[in-house]
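# Descriptive analysis of the structure
Here are the chains, one letter per residue:
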Amino acid sequence: MKKLLIIVLLTMTLVPLHAQKVAISSNMLMDALMIPNAGAEVVVGERSVVGLHVFGSYHPWGQKVQMLGLQPEYRYFFSGRPMNSFFVGVGTMAVAYDITWSGKVYNGNAIGAGLIFGYVLPLSHRVNLDFYSGFGMIAYSHKEYFKGDYYDSDHTTAGFHRPNALGYTLLPTRIGVSITYMLR
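Definitions and limits used
Once a new chain begins, its residue numbering starts again from 1 and follows that chain's sequence as written. It should be noted that, the model being predicted, local features are given only for residues of pLDDT at least 70 and side-chain atom pairs only at 80 or more, the latter also being counted only at that level, while totals for whole chains, interfaces and linings use all residues. Hydrogen atoms and water are omitted, and side-chain values are computed over all heavy atoms in the structure. To qualify as a nonpolar core, a set must consist of buried Ala, Val, Leu, Ile, Met, Phe, Trp, Tyr and Cys residues joined through side-chain atoms within 4.5 Å. Note on classification: 1.4 Å probe, protein chains only; a residue is buried when its accessible area is under 20% of the maximum for its type, exposed when over 50%, partly exposed between these limits. Residue contacts are counted whenever heavy atoms from the two residues lie within 4.5 Å of one another. The working definition used for a salt bridge is a side-chain nitrogen of Lys or Arg within 4 Å of a carboxyl oxygen of Asp or Glu. Think of it this way: any DSSP run of H or I at least four residues long counts as a helix, any run of E at least two long counts as a strand, and we number them from the N terminus.

## Observations concerning the nonpolar core
- Grouped together as the largest cluster of nonpolar side chains are 10 residues: Ala23, Val43, Val49, Phe77, Met83, Phe87, Ile116, Val120, Tyr132 and Met182.
- Residues contacting Val43, with those up to four places away along its chain left out, are Gln20, Lys21, Ser48, Val49, Pro82 and Met83.
- Membership of the second largest hydrophobic core comes to eight residues, among which are Met30, Phe55, Val95 and Tyr97.

## Brief notes about the pattern of salt bridges
- In the structure shown here, the tally under the stated rule is six salt bridges.
- One salt bridge in this structure joins Arg75 and Glu41, with 3.6 Å as the shortest N-O distance. Of this pair, Arg75 sits in strand E4 (residues 65-77) while Glu41 sits in strand E2 (residues 37-43); the two residues are 34 residues apart in sequence, bridging distant segments of the chain.
- Look at Arg75 and you get buried, because its relative accessible area is 1%.
- Given the relative accessible area of 3%, Glu41 is considered buried.
- With a shortest N-O distance of 3.1 Å, Glu73 and Arg174 are connected by a salt bridge.

## So, the environment of Gly69
- Its location among the elements puts Gly69 in strand E4.
- Of the residues examined, Gly69 reaches a relative accessible area of 2% and is grouped as buried.
- Spatially, the C-alpha atoms of Gly69 and Val95 are 4.2 Å apart, while their sequence positions differ by 26 residues.
- If we ignore the near neighbours within four places in the chain, the residues touching Gly69 are His53, Val54, Phe55, Ala94 and Val95.

## Digging into unusual backbone geometry
- For Met83, which is not a glycine, the phi torsion comes out positive at approximately 60°.
- Tracing the chain through its elements places Met83 in the loop between E4 and strand E5 (85-101).
- Met83 sits in the buried class, given a relative accessible area of 5%.
- Although it is not a glycine, Ser85 sits at a positive phi angle of roughly 75°.
- Residue class for Ser85 comes out buried when judged on its relative accessible area of 18%.

Remember, this is a structural readout, not a statement about activity or role.
Below you can see the structure in the form of structure tokens.
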């Protein structure tokens, strides 16, 4: 995950920012679920925007849920103006998680990529409302066991904990309603 973060940050710094629009955003649906998040978007062409969104949580709703995620994306706007009207995009994601749910523990990582569709509604000169939904293929590798099991002592090879659940699945990758503020 550290390598992915470095690659995304290097890619975004190579994009020229000559009087380009820069915006910050927050997904209000994730905020409602007590998952703090933030994003930044930069206009890179007449119809194109690249963005980077991060999210994380630590024991929301009193549940043992910890996660940290990163979602870079590219959006193409059909209206001829970036950050306005309908768009389609591609996005990737990387998530590290440790979740205890219904007596089971899931501790691992997931990466994925998918398509994003949405609409941006301008509310004022600097404020937009983004509606979007995306789905894609997610690959995961985690330790899955029942709470109270001695997984760490039973599934160790040469001092490393082995994942016992590997696979991929088709899942929603981004769903939300974001408020976006244009910095310039």
